[in-house]
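Examining the three-dimensional arrangement
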Amino acid sequence: AAAWGTTVMIATPHRKDVVENSSISFVQDCLKSLNKELETRNVGLEILLGMENHLGSDLPDAFSRGEALTIAGSAYALVELPFFGKPNYMEDVLYKIQALGLTPVLVHPERIELIQRNPGLLDKFIQQGMLSQITAGSIVGHFGARVKEFVQRLLQEGLVHVIASDTHSPVGPRSPLLSAGVDLAARLVGKKEALSMVLDTPQNILKI
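So, here is what we can say about the structure in this document. (Residues numbered from 1 in each chain as written. Predicted model: local features only at pLDDT ≥ 70, side-chain atom pairs only at ≥ 80, totals over all residues. Heavy atoms only, no water.)

The backbone of His108 shows a phi angle near 30 degrees, a positive value even though the residue is not glycine. Structurally, the position occupied by His108 is in the loop between β5 (103-107) and α5 (113-117). Judged by relative accessible area, which is 3%, His108 ranks as buried. With a phi close to 50 degrees, Asp166 is a non-glycine residue in the positive phi region. Here Asp166 is to be found in the loop between β7 (162-164) and α9 (179-189). (Helix = DSSP H or I, 4+ residues; strand = E, 2+ residues; numbered from the N terminus. Buried < 20%, exposed > 50% of the residue type's maximum accessible area, 1.4 Å probe, protein only.)

If you want it as structure tokens, here you go:
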């Protein structure tokens, strides 16, 4: 990531995995150790902690209890909608999160069946103050032609705020490399707008 120009990365483990397999304090300790190692090796990369929070009826309470994390302690929180189906509590939970003073950042909506079938719902959420974050790999086709076509539509309709890596491995289709996705996004929305999705908006979220 550092070699490709990234200077700040948000580590966003799934809340379910953290809660079931370890703890927030364990993840925080891991992060401290990793950042110390990066500094020792003179790697120009700072890693901050966030969390990918699956939508659930208990999510607002989890934020209140400190069991769900926002993006690096900011007032923005990643929220992952179910890949399939529509829980009857979905909108109520999102509004309760907003009532806590937090802004939901809806992750990879291009891969969510509900949004694919009804992109107007994403528009509605954005009009109500939420943000959307797409995956760079979606733009270049790593998740199939259907997702690639749909995410291009979201970009052209102004329904994207952040382009993220959704990194799962150092190389391959889910690597930290953002440039290919950003370059393709620039062809659709212009270079300035595409860069704002990996620079300006993330900086505003982190207030750096």
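Structure shown, so let's carry the discussion forward.
Moving on to the sheet that holds strand β4 (residues 76-80). As summarised here, the arrangement of the five strands in space is β3-β4-β5-β6-β7, forming an open sheet in which the pairing is parallel. On the outer flanks of this sheet lie β3 (52-54) and β7, each paired with one strand and no other. Each strand axis lies, on average, 35 degrees off the axis of its neighbour in the sheet, ignoring direction. (Pairing = 2+ DSSP bridges. Axes fitted to C-alpha atoms, helices over the stretch in contact; angles between N-to-C directions.)

Further remarks concern the layout of surface pockets. The volume enclosed by the largest pocket comes to roughly 1,300 Å³. Around the largest pocket sit 48 residues that line it, and Thr6, Val8, Met9, Ile10 and Ser165 are the ones nearest its centre. Contributing elements (two or more residues each) for the lining of the largest pocket: β1 (8-11), α1 (15-21), α2 (24-40), β2 (46-49), β6 (131-135), β7, α9 and α11 (200-206). Residues that form the lining of the largest pocket fall into these classes: 31 nonpolar, 14 polar and three charged. (1 Å grid on protein atoms, 1.4 Å probe; cavity = no way out; pocket = protein on both sides within 12 Å on 5 of 7 lines; lining within 4 Å. Points joined across faces, edges and corners; volume = space filled by probe spheres on them. Nonpolar A, V, L, I, M, F, W, Y, C, P; charged D, E, K, R; others polar.)

Attention now goes to the side chain of His108. A distance of 3.3 Å separates a polar atom in the side chain of His108 from a polar atom in the side chain of Glu52. Here His108 is in contact with Glu52, Glu80, Phe83, Gln133, Ile134, Thr135 and Asp166, once residues within four sequence places are set aside. (Polar contact = N/O pair within 3.5 Å; in protein donor to acceptor, adjacent residues only side chain to side chain. Contact = heavy atoms within 4.5 Å.)

Let us look at the packing of helix α8 (residues 145-156) against α9. Here α8 crosses α9 at 50 degrees, and the two axes come no closer than 9 Å. As summarised for this structure, α8 and α9 are arranged oblique, according to the angle between their axes. Here α8 and α9 pass one another in a crossing that is right-handed. For the pair α8 and α9, contact is made by Gln152, Leu155 and Gln156 and by Ala185, Leu188 and Val189, respectively. Tallied by class, residues from the contact of α8 with α9 come to four nonpolar, two polar and no charged. (Parallel < 35°, antiparallel > 145°, perpendicular 65-115°, else oblique. Left-handed = near helix turned anticlockwise from the far one by under 90°.)

Looking now at helix α6 (residues 119-127). Residues of α6 that are buried: Pro119, Leu121, Leu122, Phe125 and Ile126. The arc that holds every buried residue of α6, seen down its axis, measures 150 degrees, which confines them to one face. Buried residues along α6 sit against α4 (90-99), β5, α5, β6 and α8. Backbone geometry just after α6 places Gly129 at a positive phi near 105 degrees. (Arc of directions from axis to C-beta.)

By size, the foremost hydrophobic cluster in this structure holds 36 residues, and its most contacted members are Leu81, Met90, Leu94, Leu106 and Ile163. Elements with a contribution of two residues or more to this core: α3 (59-65), β4, α4, α5, α6, α7 (136-140), α8 and α9. In contact with Met90, not counting residues within four places along its chain, are Leu55, Leu81, Leu114, Leu121 and Phe125. Judged by nonpolar contacts, the second largest core, of ten residues, contains Val18, Ile24, Leu31 and Leu38. (Core = buried A, V, L, I, M, F, W, Y, C linked by side-chain atoms within 4.5 Å.)

What follows covers the pairing of β4. Counting buried positions along β4 gives four out of five residues, so the element sits mostly inside the fold. Once the chain exits β3 it traverses α3 before rejoining the sheet at β4, and the crossover so formed is right-handed. Inspection of the sheet shows β4 paired to β5 by four bridges, in the parallel sense. Considered in β5, the bridge of Leu78 is made with Val105. In the classification by handedness, the crossover that spans β4, the intervening α4 and the parallel β5 is right-handed. (Right-handed = clockwise from strand over helix to strand, strands pointing away.)

The values are spatial; any link to function lies outside them.
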